[in-house]
Amino acid sequence: MTPTSLRNAIGVAHPMILVRASGTDLAVRGRGDGVPVICLHATGHGGRDYTAFVDSIIEYGFEVICVDWPGQGASPPDASLKAASAERYADLLEDLIPALCGDERPILVGNSIGGAAALSYALRRPETIQALVLCNPGGLAPLDGLAKAVIAGMVAFFSAGERRAKWFQRAFAAYYRLILPAKPAAAQRARIIAAGLETAPVLKQAWHSFSNPDADLRARAEGLKVPVLFAWAKQDQIVAWSRSRRAVEAIPNAQVQMFRGGHAAFLEDPAAFKAAFLKFVQEVLS
């Protein structure tokens, strides 16, 4: 990663620190004081996704910590050379959470692959966290013929970006106008689009991982033992509520709320997401 890397602008802002986890360094920034809340982003995104959310809740007694996954935002590539996947990211959380929180139990907010990683970690180590807020998480839709066809198409698409096909940048811009269509996401969407050629390799890895058997969290999720709020952006055409609904409804005591937007309620429908988050967390902490 060079100092002029376009993906830096997507990630956590300065002042940030690098934290060692599972053999690699992650860029992290925390703000506020109180109950720890760890925010985990979608593939090709970064910790800056959560800026408005952090600004809106730190006055309520939270320390909000944003993380950049390896090779995204301000984090260097994964030094272990392991490919991007929800399970790899859950491995990172095994080291990262105690390093950031000590004996305190955080609330995890995860979007897309970040949501799948948070869920996978919670299934492994439920005693170490207080609650989950999952925003259009992966891992809960059936890995059927339709899913496999979409995954193969997306792997091919991002492979073209990796080899820097001339048409890719324009196609990626059109794709991201579908992923984050809502006006509040416009500035971050522009940064994500600008860095598309840089992030294409990790996007290819992540999409390839979605076809792995361990990416299917449906059966395991039925045993979830921590409170969970599903905050679903209802216009999502990739992680569609209709395909994940059955798995969500099988999770004991799961709460579900729908929001405007295409993939990230906290970024696209910030006021409604803030209200839902505060209500849910008040119930969890009371």
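Just above sits the structure.
For clarity, every value in this text was computed on a predicted model and none was experimentally measured.

**Q** Before we go on, may I ask you to explain the nonpolar core in this structure?
**A** As a rule of thumb, nonpolar side chains are buried together in soluble globular proteins. With 52 residues, the main nonpolar core has Val109, Val133, Phe158, Phe172, Tyr175, Phe273 and Phe277 as its most contacted residues. Leave out the neighbours within four places in its chain, and Phe172 touches Phe157, Phe158, Ile192, Ile193, Gly196 and Leu203. Counting residues in each nonpolar core, the second largest holds 44 residues, with Cys101, Leu132, Ala221 and Trp232 among its members.

**Q** Hey, could you run me through the packing of aromatic side chains in this one?
**A** Two measures describe an aromatic ring pair: the distance that separates the ring centres and the angle between the ring planes. Evaluated as defined, the whole model comprises 24 aromatic pairs. An aromatic cluster of at least three residues, connected via ring pairs, comprises Tyr50, Phe53, Phe62, Phe259, Phe266, Phe273 and Phe277.

**Q** Mind showing me how you'd approach helix H5 (residues 168–179) here?
**A** Side chains of residues three or four places apart in an α-helix project in the same direction, reflecting 3.6 residues per turn. The terminal C-alpha atoms of H5 lie 16 Å apart, and with 12 residues this matches the ideal 16 Å at 1.5 Å per residue to within 8%. For H5, the set of buried residues is Phe168, Phe172, Ala173, Tyr175, Tyr176 and Ile179. What you see down the axis of H5 is that its buried residues fit within an arc of 165 degrees, all on one side. For H5, the elements touching its buried residues are helix H4 (145–162), helix H6 (186–194), helix H7 (196–209) and helix H10 (265–268).

**Q** Mind showing me how you'd approach helix H9 (residues 241–249) here?
**A** For H9, every residue scored as buried is listed here: Trp241, Ser244, Ala247 and Val248. Along the axis of H9, the buried positions cluster into a sector of 125 degrees, meaning they face one direction only. Facing away from the buried side of H9 by over 90 degrees, the exposed positions are Ser242, Arg246 and Glu249. Where H9 is buried, its residues meet helix H8 (218–221), strand S7 (228–233) and strand S8 (255–259).

**Q** I'm lost on the packing of H5 against H7 in this one. Help?
**A** Helix-helix packing is described using two parameters, namely the angle between the two axes and the distance between the axes. Running from amino to carboxyl end, H5 crosses H7 at an angle of 65 degrees, the nearest separation of the two axes being 11 Å. On the basis of the axis angle, H5 is roughly perpendicular to H7. For the element pair H5 and H7, the recorded crossing hand is left-handed. Each of Phe168, Gln169, Phe172 and Tyr175 in H5 lies in contact with H7, whose residues at this interface are Gly196, Leu197, Ala200, Leu203 and Trp207. Counted by class, the contact of H5 with H7 contains seven nonpolar, two polar and no charged residues.

**Q** Please clarify how the pairing of strand S6 (residues 131–135) should be interpreted in this entry.
**A** A regular strand places its side chains on the two faces of the sheet in alternate fashion. S6 sits mainly inside the fold: five of its five residues count as buried. Burial along S6 is two-sided: Ala131, Val133 and Cys135 facing one way and Leu132 and Leu134 facing the other are all buried. Where strand S5 (residues 107–111) lies against S6, five bridges are found, and the strand directions are parallel. By the bridge assignment for S6, Ile107 is matched with Ala131. Once you follow S5 into helix H3 (residues 113–124) and on to S6, the crossover reads as right-handed.

**Q** Sorry, what's going on with the sheet that holds strand S4 (residues 62–67) here?
**A** By definition, the strands of a sheet pair up through backbone hydrogen bonds, in either a parallel or an antiparallel sense. In space, the eight strands of this open sheet follow the order S1-S2-S4-S3-S5-S6-S7-S8, with mixed pairing throughout. The strands lining the two open edges of the sheet, one partner per strand, are strand S1 (17–21) and S8. The mean angle between the axes of side-by-side strands here comes to 25 degrees, regardless of whether they run parallel or antiparallel. As defined by bridge partners, S1 adjoins strand S2 (residues 24–32) across five bridges and the pair is classed as antiparallel. By the bridge assignment for S2, Val19 is matched with Leu26. Along the sheet, H3 contacts strand S3 (35–40), S5 and S6; its crossing angle with S5, the most-contacted strand, is approximately 140 degrees.

Rules used throughout
- Residues numbered from 1 in each chain as written.
- Predicted model: local features only at pLDDT ≥ 70, side-chain atom pairs only at ≥ 80, totals over all residues.
- Heavy atoms only, no water.
- Core = buried A, V, L, I, M, F, W, Y, C linked by side-chain atoms within 4.5 Å.
- Buried < 20%, exposed > 50% of the residue type's maximum accessible area, 1.4 Å probe, protein only.
- Contact = heavy atoms within 4.5 Å.
- Phe/Tyr/Trp six-rings, centres within 6.5 Å; stacked < 30°, edge-to-face > 60°.
- Helix = DSSP H or I, 4+ residues; strand = E, 2+ residues; numbered from the N terminus.
- Expected span 1.5 Å × (residues − 1).
- Arc of directions from axis to C-beta.
- Axes fitted to C-alpha atoms, helices over the stretch in contact; angles between N-to-C directions.
- Parallel < 35°, antiparallel > 145°, perpendicular 65-115°, else oblique.
- Left-handed = near helix turned anticlockwise from the far one by under 90°.
- Nonpolar A, V, L, I, M, F, W, Y, C, P; charged D, E, K, R; others polar.
- Pairing = 2+ DSSP bridges.
- Right-handed = clockwise from strand over helix to strand, strands pointing away.

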